[in-house]
Amino acid sequence: MKKQHDSRNLSMVMDFYEMTMSHGYFQERQGKSGACEKDELVVFDVFYRSNPDGGGYSIFAGLEQIVEYVQNLHFEEEDISYLRSQGIFSEDFLQYLSDFTFQGDIYAMPEGTVMYPEEPVLTVIAPVIDAQLIETAVLLEINHQSLIATKTRRICNAADGRVVSDFGARRAHNMDAAVYGARAAYIGGAESTATVLAGQMFDIPVSGTMAHSWIMYFPDEYTAFEKYARLYPDAAVLLVDTYDVLRSGVPNAIRVAKEVLEPMGKRLKGIRLDSGDLAYLSKKARKLLDAAGLQDCIIVASNSLDEFTIQSLISQGACIDSFGVGERLITSKSEPVFGAVYKIAAVMRNAVFEPRIKISENIEKITNPGYKRLYRVYNEQGKAIADLIACQEELIGDYEKVTVIDPKKPWKKRFFENCTFRQMLEPVFIRGEFVGKKRSAKEIREYVKTQLEREIWEEEQRFVNPHVHYLDMTPRYYHMKTELLALAKE
């Protein structure tokens with residue numbers, strides 16, 4: 001499979017503090033005679049604190065690129081030379097880096113999983129240096145692709161069954177953002193992308209018509225349409241807003257359909273609107289096309305669309321069959337930061353993982369400590385009714401009656417009965433070896449669709465005031481966390 005910039009080594013894509021802290025951990029280990037490698041193991045969790053745009057859920061994306069990064073993580077001589085030039089790293093540490101390969105474990109949700117705030121979506125159990133060096137790469141992949149996949153899902157929901165295509169490459173923040181943003185958009189529900197490399201790399205259907213420059217290159221609009229239709233008689237979608245949509249563009253498109261395509265036994269596939277009052281123009285264009293016997297000719301709309309404008313267009317009765325969405329999708333313009341974080345949760349001491357908790361004046365920044373399990377809880381109808389955090393030692397079987405605590409309302413008595421419990425974090429790497437499942441972008445996309453149709457409540461998918469998915473805790477886990485909080489106050 002072709003890759004974006006095949007020859008690049010991205011191992012140095014990290015914050016400098018990852019290197020300075022790793023050097024410190026290395027020096028600490030060197031200072032301990034006979035230090036046991038087991039006692040260097042740590043647990044880091046990736047989680048996020050709120051859904052973009054006030055939504056009820058997000059979509060986990062970017063895992064494939066994390067796998068590629070970890071598998072290829074190594075430091076070349078020019079990297080070592082650059083680090084040496086900083087004048088702060090010991091030669092022993094630089095030699096250690098020159099031989100470095102990741103040796104830890106990684107567990108993660110399957111890519112495409114519907115996820116919720118405050119729960120671990122990826123967990124690293126590894127020697128402390130290994131865990132520290134991958135922080136930035138893990139976060140940037142999850143933060144970018146999860147953001148775009150989630151935004152695209154919102155746009156697709158607003159389109160209410162109409163086709164959504166990614167037109168965003170030229171507005172993306174760079175070439176990588178265009179390519180991997182297109183991948184995330186496809187996972188989130190877009191039918192196709194205009195980004196050719198993304199289509200080639202991830203087997204995403206590609207689509208595209210013409211720019212205004214094609215129309216303006218020829219002496220008149222009709223000639224431009226006629227030339228294009230002869231080139232692509234099976235896929236002629238004509239851009240009709242270069243001069244005048246209703247007086248020129250649509251009439252010329254109809255003329256090409258009658259004079260050029262129909263004599264060839266072909267039909268005009270569609271017209272595209274890229275400016276003006278899309279609701280008004282689409283309704284007028286639909287009447288003209290229908291009157292000409294072109295009821296099967298679709299109307300495609302583009303021009304700074306997002307879920308809110310699409311929802312508004314549909315509520316106005318716009319006659320639009322397909323939406324090309326660009327800048328507001330590929331940059332998630334309404335909320336361009338996802339906000340996943342990477343926090344230490346436990347440190348091994350004497351062969352036991354001791355929990356660690358971050359305390360903050362901001363309640364939402366207090367972390368969930370410890371090496372833990374995450375379960376998704378399903379009722380008898382297969383609907384996900386809650387997620388549940390448990391201690392690592394707590395194995396919960398299907399149909400058990402399980403008492404739980406809502407950490408936001410701990411005084412309420414809650415329990416699950418006649419439910420099934422799915423462990424959400426699956427092994428991806430064990431002792432540095434990839435053990436996960438590789439899935440195509442299409443398979444991940446179908447997984448997203450299946451969850452939203454069968455498992456996730458419609459009330460969680462509302463744009464306005466969505467139902468908040470419950471994140472409960474087992475009593476054992478809850479009491480461990482509260483005890484740590486009490487000790488921290490002393």
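Refer to the structure above for everything that follows.
Everything numeric in this text was worked out from a predicted model, so none of it was measured.

## Digging into the overall build of the chain
When helices and strands are counted, the chain shows 16 helices and 21 strands. Across its three principal directions, the C-alpha atoms of the chain cover 85 × 60 × 35 Å. Split into buried and exposed, the 490 residues of the chain put 52% on the buried side. Considering only intrachain contacts with a sequence separation of at least 6, the fraction spanning at least 24 residues in the chain is 73%. Put simply, the chain shows about 22,900 Å² of open surface, and 51% of that area lies on carbon and sulfur atoms.

## Things to note about helix 6 (residues 135-159)
Spanning 25 residues, helix 6 covers 36 Å between terminal C-alpha atoms, matching the ideal 36 Å at 1.5 Å per step. Residue Asp160 follows helix 6 closely and has a positive phi angle near 55 degrees.

## Concerning helix 3 (residues 77-85)
Looking only at helix 3, the buried set comprises Asp79, Ile80 and Leu83. Taken down its axis, helix 3 places every buried residue within 95 degrees of arc, on the same side. The exposed residues of helix 3 that point more than 90 degrees off its buried face are Glu77, Glu78 and Ser85. The inward-facing, buried residues of helix 3 abut helix 1 (16-30) and helix 4 (91-98). Looking one or two residues past helix 3, Gly87 carries a phi angle of roughly 75 degrees, positive in sign.

## A look at the sheet that holds strand 18 (residues 420-423)
Spatially, 18-14-15-21 is the arrangement adopted by the four strands of the open sheet, whose pairing is mixed. If you trace the sheet from one side to the other, it starts and ends with strand 18 and strand 21 (471-473), each paired once. Between one strand axis and the next, the sheet turns through 35 degrees on average, direction left out of account. Bridging between strand 15 (residues 384-391) and strand 21 involves three bridges; their strand directions are parallel. What sits directly across from Ile389, in strand 21, is Met473.

## Here's the deal with the packing of helix 10 (residues 221-231) against helix 11 (residues 245-261)
Two quantities define a packed helix pair, namely the angle between the axes and the distance from one axis to the other. Remark: helix 10 packs on helix 11, axes separated minimally by 9 Å, with the N-to-C direction vectors making an angle of 45 degrees. In terms of their interaxial angle, helix 10 and helix 11 are classed as oblique. When the axes of helix 10 and helix 11 are compared, the crossing they make is right-handed. Across from Glu221, Tyr222, Phe225, Glu226, Ala229 and Arg230 in helix 10, the residues of helix 11 making contact are Ser248, Gly249, Asn252, Ala253, Arg255, Val256, Glu259, Val260 and Leu261. Residues that form the contact of helix 10 with helix 11 fall into these classes: seven nonpolar, three polar and five charged.

## Focus on the environment of Leu305
Structurally, Leu305 can be placed in the loop between strand 10 (298-301) and helix 13 (307-315). You can call Leu305 buried: its relative accessible area is 2%. Among residues more than four places away in sequence, those in contact with Leu305 are Leu278, Ile310, Leu313, Phe323, Gly324, Val325 and Arg328.

## Points about the side chain of Asp166
With respect to the helices and strands, Asp166 occurs in strand 6 (residues 163-166). For the buried residue Asp166, which engages in no salt bridge, the nearest side chain bearing the opposite charge is Arg170, 9.7 Å off. Those residues within four positions of Asp166 in sequence are excluded, and the remaining contacts are Ala182, Ala185, Ala190, Ser192, Thr193, Ala194, Thr195, Val325, Leu329 and Ile330.

## Concerning unusual backbone geometry
Here the phi dihedral of Glu118 falls at roughly 75 degrees; this positive angle occurs in a residue that is not glycine. Summarising the element assignment, Glu118 is placed in the loop between strand 4 (114-115) and strand 5 (122-127). Judged by relative accessible area, Glu118 falls into the partly exposed class, the value being 21%. Of note in this structure, Arg431 is not a glycine but carries a positive phi near 50 degrees. Secondary-structure assignment places Arg431 in the loop between strand 19 (426-430) and strand 20 (433-434). Owing to a relative accessible area of 62%, Arg431 belongs among the exposed residues under this scheme.

## A word on the sheet that holds strand 3 (residues 105-108)
Spatial ordering of the open sheet is given by 13-12-1-5-3-19-20, a layout of seven strands whose pairing is antiparallel. Where the open sheet ends on each side, the last strands, each with one partner, are strand 13 (352-355) and strand 20. Bridge analysis of strand 1 (residues 41-47) against strand 12 (residues 341-349) gives six bridges, and the strand direction is antiparallel. Across the sheet, Val46 pairs through a bridge with Tyr342, a residue of strand 12. Lying on the sheet, helix 2 (residues 63-72) is in contact with strand 3, strand 5, strand 19 and strand 20; it crosses strand 19 at an angle near 20 degrees.

Thresholds, definitions, all that
Residues numbered from 1 in each chain as written. Predicted model: local features only at pLDDT ≥ 70, side-chain atom pairs only at ≥ 80, totals over all residues. Heavy atoms only, no water. Helix = DSSP H or I, 4+ residues; strand = E, 2+ residues; numbered from the N terminus. Buried < 20%, exposed > 50% of the residue type's maximum accessible area, 1.4 Å probe, protein only. Contact = heavy atoms within 4.5 Å. Areas by Shrake-Rupley, 256 points an atom, 1.4 Å probe, with all protein chains shown as cover. Expected span 1.5 Å × (residues − 1). Arc of directions from axis to C-beta. Pairing = 2+ DSSP bridges. Axes fitted to C-alpha atoms, helices over the stretch in contact; angles between N-to-C directions. Parallel < 35°, antiparallel > 145°, perpendicular 65-115°, else oblique. Left-handed = near helix turned anticlockwise from the far one by under 90°. Nonpolar A, V, L, I, M, F, W, Y, C, P; charged D, E, K, R; others polar. Lys, Arg positive; Asp, Glu negative; His and termini not counted. Salt bridge = Lys/Arg side-chain N within 4 Å of Asp/Glu carboxyl O.

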